[in-house]
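Residue-level structural notes
Residues per chain, in single letters:
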Amino acid sequence: MSSLSSTLARAGRTLWWFIDASRRTLLNLLFIALLAALAWALLRGGPPALQPKTALVLDIAGRVSEQRPATGRGTLLRQLQDDEERNGARLRDVLAVIDAAAKDPAITHALLMTDDLGAAGLPTLRELAVALQRFKAAGKPVVAWGANFDQRGYYLAAQASEVWLHPMGSINVQGYGRLRNYYKDLLDKVGVTAHVVRAGKFKNAGETYTASAPSAETLESDAALYGALWASWTTGVEQARRQPAGSVMQAIDSLPASLEAAGGDLAAWALQRQWVDALKTRDEMRAALVARGAPDDDGEADDGKVATATTFRQVHWRDYLARIKPKTGGDAVGVVVAEGGISDGRAGPGRIGGLSTAELIRRARDDKHIKALVLRVNSPGGSAFGSELVRRELELTRAAGKPVVVSMGDVAASGGYWISLAADEILADEATITGSIGVVAMLPTASEAFAKVGVNAAGSSTTWLGTAFDPRRDLDPRFERLLQASVNHVYRDFTSRAAGARKTTPEQIDAVAQGRVWAGKDALAHGLVDRLGGLGDALKSAAARGKLGEDPRVVYVEAAPGRLDRWLQRFGLAELGSAVAAWTADADSASGTAPLAAAAAALGLPAAAALPLLDDLAWLTSPAPRDRPFTAAAHCLCVAP
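Residues numbered from 1 in each chain as written. Predicted model: local features only at pLDDT ≥ 70, side-chain atom pairs only at ≥ 80, totals over all residues. Heavy atoms only, no water.

**Points about the overall build of the protein**
Across its full length, the protein carries 25 helices and 24 strands. Here the protein displays about 31,300 Å² of accessible surface, and carbon together with sulfur accounts for 56% of that area. (Helix = DSSP H or I, 4+ residues; strand = E, 2+ residues; numbered from the N terminus. Areas by Shrake-Rupley, 256 points an atom, 1.4 Å probe, with all protein chains shown as cover.)

Here it is, written out as structure tokens:
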């Protein structure tokens, strides 16, 4: 027996030694990689001057967002592999590159590639499209090439001087719209009841849990919104391609007969419809650009790999970004980005924390060099309390004498609209999803589910409130009345603040509120925004209000980096620092949805169907704050299509 114990002890020590050695080895390798990156940054010189006839390669890959969110360990590994394109792109970076290249005599043309373009709302695409038009107006042509174009990619490609498609490629345009999952029947079967209390007949954020199909109000609102977005998309494409109005719908309505007439050849069909100008393979594209520009035998190909044959002289947009030197010193327009869902406390990039975002606004207000502030909003809302923290800080900024201009991006709805209400001017794109002035609260109970498995909850409490909202029991009707009164109060507060900001009455706001979402163009007609425009228009407005001239310095007010990040920024390795800091973020964020993901996999659901289900059920099961039994949410539960 003692011999067995001794053997097990030795095996345990050996196993622990192996685990500890592996941990140390991994950390040492990371440290060596970091030192190597720092040494490389110290030894490398500045980028060489661009040669004449250089093409700017706009290979925009991944999600285009306002901020670069930390995405955890996967990001670190990709950074170490120099695979930046998979991390997405910041809209302001791409815009800066296009505008700087338009003025650069060494850049004579551009190649646009959107095969790997990820999520981007129509307002984002429209911002990029306007920048491409400015580039073309400088006398510099843009060629778009793709193996395939989806709806987002083709909208950008249509803005080019020429559109080339691979002979085996296709253009996938489907329009706007979506199907939602409705869970009432499922919840009834498992014994769960979602108690949804709302203010606003169009406030449908909780409808998917209490109904088996969309309400008439939801269908009406969705049809109007998607119709407005589709009109904006088709008009933008038809005008850019110089085609008559309605030609996109005519082409779609001609299917499948017109494709059969083209022998089922999707690329030939696109060429016949003049959606593209030529069919070219990748090597034919390169040869054509060499003929138009200059050869670059020693450079890299447009896919980032060393060219094995002559390619054209080029610079990738990310490499060109490193050449742009920001303005320093003097007065400036400050920009605070409010992107993502809204919570009460603190949040990192890609999320809005009521406390953390308010602190950024306060920093901008206290900075003597910042003379005006732009709040760039891309948010579907969230916590009403967190929204008010941000709005109040903007109100104080205006009271301190600094103008505030709101620039709405893809989405600025519900809480995203709430935080916009303390501005001197609100600008939205015609396709911005905004409005959704309404409030919702939800409490799930599962008394029947517990009963089905033989679990009974019982006990005593000194007041009826002690057990009124326990999910193991039916919801006390008195507590539901309490909940409705609170939601109604928040809604009155929302509409009153909107009425004051828009210089109208709460009754007039209520008529266009009720939780309904609007496209930016319709929001303008209803007086919810001041005018249509993009980020550049908002910056010009803020500069004029702050008396800063036509081309002021622009400063993004963001969370201060840590000591490691500051060192890495000094050596041009800021993204690596962000990835190191987020090393454990993936594990933390995944832990909450792991059981749901496992259940979806067990049911054999495909990823495309499982992801919306996981998002919906995660929202249903999200816990209430510790200091109160429920949260009044100003959330549209919407995303930019």
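**Some remarks on the sheet that holds strand S11 (residues 314-316)**
Taken in spatial order, the six strands of this open sheet run S10-S7-S5-S4-S1-S11, and their pairing is parallel. This sheet does not close on itself; its edge strands, each paired only once, are strand S10 (278-279) and S11. Against the sheet, helix H12 (residues 282-292) contacts strand S4 (107-113), strand S5 (142-146), strand S7 (162-165) and S10, and its axis sits at roughly 150° relative to S7. (Pairing = 2+ DSSP bridges. Contact = heavy atoms within 4.5 Å. Axes fitted to C-alpha atoms, helices over the stretch in contact; angles between N-to-C directions.)

**Digging into the pairing of strand S17 (residues 404-413)**
Burial of S17 is extensive: ten of the ten residues sit out of reach of the surface. Pairing analysis gives six bridges linking strand S15 (residues 370-379) to S17, with the strands arranged parallel. Bridge pairing in S17 links Val374 to Val405. Inspection of the sheet shows S17 paired to strand S18 (residues 425-428) by three bridges, in the parallel sense. Its bridge partner lying in S18, Ser407 is registered against Leu427. Sheet analysis places S17 next to strand S19 (residues 433-435), joined by three bridges and oriented parallel. Paired with Val411 across the two strands is Ile433, which belongs to S19. (Buried < 20%, exposed > 50% of the residue type's maximum accessible area, 1.4 Å probe, protein only.)

**Remarks on unusual backbone geometry**
Between Leu255 and Pro256 the backbone carries a cis peptide bond, its omega angle lying at 5°. Counting through the fold element by element, Pro256 comes out in the loop between helix H9 (247-253) and helix H10 (257-261). Phi at Lys53 takes a positive value of approximately 60°, unusual for a residue other than glycine. Topologically, Lys53 is positioned in the loop between helix H1 (2-43) and strand S1 (54-59). For Lys53, a relative accessible area of 45% translates into the label partly exposed. Phi angles above zero are rare outside glycine, and Ser436 is one such case at about 55°. Inspection of the secondary structure assignment puts Ser436 in the loop between S19 and strand S20 (439-445).

**Here's the deal with the pattern of salt bridges**
Taken as a whole, this structure holds 28 salt bridges when the rule is applied. A salt bridge links Glu66 to Arg376, with the nearest nitrogen and oxygen atoms 3.1 Å apart. Remark: Arg376 occurs in strand S15 and Glu66 occurs in the loop between strand S2 (64-65) and helix H2 (73-80); sequence separation between them is 310 residues. Accessibility expressed as a relative area gives 6% for Glu66, which makes it buried. Of the residues examined, Arg376 reaches a relative accessible area of 2% and is grouped as buried. A salt bridge links Glu388 to Arg391; the shortest N-O distance between them is 2.8 Å. Of this pair, Glu388 and Arg391 both sit in helix H15 (residues 384-399), three residues apart, roughly one helical turn. Three or more residues are tied together by salt bridges with common partners; here these are Glu388, Arg391, Arg392, Glu395, Asp493 and Arg497. (Salt bridge = Lys/Arg side-chain N within 4 Å of Asp/Glu carboxyl O.)

**Here's the deal with a nonpolar patch on the surface**
A surface patch of nonpolar side chains, about 380 Å² in accessible area, is lined by Trp17, Phe18 and Ile19. Examined against the element boundaries, Phe18 turns out to sit in helix H1. (Patch = residues over 30% accessible without salt bridge, like charges linked within 9 Å, V, L, I, M, F, W, Y side chains within 5 Å.)

**Comments concerning the packing of aromatic side chains**
For any pair of aromatic rings, geometry is given as the distance between the ring centres together with the angle between the planes. In this structure the tally under the stated criterion is ten aromatic pairs. Both rings, one in Tyr154 and one in Trp233, keep their centres 6.5 Å apart while their planes meet at 40°; by these two values the pair is tilted. Of this pair, Tyr154 sits in helix H5 (residues 151-157) while Trp233 sits in helix H8 (residues 216-240), and the two are 79 residues apart along the sequence. Judged on exposure class, the residue Tyr154 and its partner Trp233 are both buried. Here Tyr176 and Trp230 contribute two aromatic rings whose centre-to-centre distance is 6.3 Å and whose plane-to-plane angle is 80°, an arrangement assigned as edge-to-face. Placement of the pair is Tyr176 in the loop between strand S8 (171-172) and helix H6 (184-190) and Trp230 in helix H8, with a sequence separation of 54 residues. Three or more aromatic residues joined by ring pairs make a cluster, and in this case those are Phe149, Tyr154, Tyr155, Tyr176, Trp230, Trp233, Trp269 and Trp275. Note that Arg92 overlies the ring of Tyr556, its terminal NZ or CZ placed 3.7 Å from the centroid. (Phe/Tyr/Trp six-rings, centres within 6.5 Å; stacked < 30°, edge-to-face > 60°. Lys NZ or Arg CZ within 6 Å of the ring centre and 35° of its normal.)

**Quick notes on the packing of helix H3 (residues 91-103) against helix H4 (residues 122-137)**
Where H3 contacts H4, the two axes come as close as 9 Å, and the packing angle between them is 10°. When the axes of H3 and H4 are compared, the pair comes out roughly parallel. On the side of H3, the interface is formed by Leu91, Val94, Leu95, Ile98, Asp99, Ala101 and Ala102, while H4 contributes Thr124, Glu127, Leu128, Ala131, Leu132, Arg134 and Phe135. When grouped by side-chain class, the residues that make up the contact of H3 with H4 number ten nonpolar, one polar and three charged. (Parallel < 35°, antiparallel > 145°, perpendicular 65-115°, else oblique. Nonpolar A, V, L, I, M, F, W, Y, C, P; charged D, E, K, R; others polar.)

**So, the environment of Asp115**
Within the secondary structure, Asp115 is located in the loop between S4 and H4. Through-space distance from the C-alpha of Asp115 to that of Ala147 is 6.7 Å; in sequence the pair is 32 residues apart. At 3.0 Å, the side chain of Asp115 and the backbone nitrogen of Ala147 are in polar contact. In terms of polar contacts, Asp115 uses its side chain to reach the backbone amide nitrogen of Asn148, at 3.3 Å. (Polar contact = N/O pair within 3.5 Å; in protein donor to acceptor, adjacent residues only side chain to side chain.)

**Focus on the confidence of the model for the protein**
Where the model shows low pLDDT, its predicted coordinates should not be examined in detail. Of the residues in the protein, 80% have a pLDDT of 70 or more, and the chain-wide mean is 86. The low-confidence segment residues 71-86, where pLDDT is below 50, has 35 contacts with residues more than four positions distant or belonging to other chains. (pLDDT = per-residue confidence, 0-100.)

**Describing the nonpolar core**
Ranked by internal contacts, the top residues of the largest apolar core, which has 64 residues, are Leu56, Leu58, Tyr154, Ile171, Trp233 and Trp275. Discounting chain neighbours no more than four positions away, the residues touching Leu58 are Ile98, Ala110, Leu111, Leu112, Met113, Leu132 and Trp317. Core analysis: the second largest hydrophobic core is formed by 51 residues, Val377, Leu483, Ala513 and Val529 among them. (Core = buried A, V, L, I, M, F, W, Y, C linked by side-chain atoms within 4.5 Å.)

**A few points about the packing of helix H14 (residues 354-366) against H15**
At a minimum axis distance of 8 Å, the contact between H14 and H15 shows a crossing angle of 10°. As the angle between them shows, H14 and H15 are arranged roughly parallel. Facing H14, whose interface residues are Gly354, Leu355, Thr357, Ala358, Ile361, Arg362 and Arg365, H15 presents Gly386, Leu389, Val390, Glu393, Leu394, Leu396 and Thr397. Broken down by class, the residue content of the contact of H14 with H15 amounts to seven nonpolar, four polar and three charged.

**Considering the side chain of Arg365**
Considering the arrangement of structural elements, one finds Arg365 in helix H14. By relative accessible area, Arg365 is classed as buried at 15%. At 2.8 Å, the side chain of Arg365 forms a polar contact with the side chain of Glu393.

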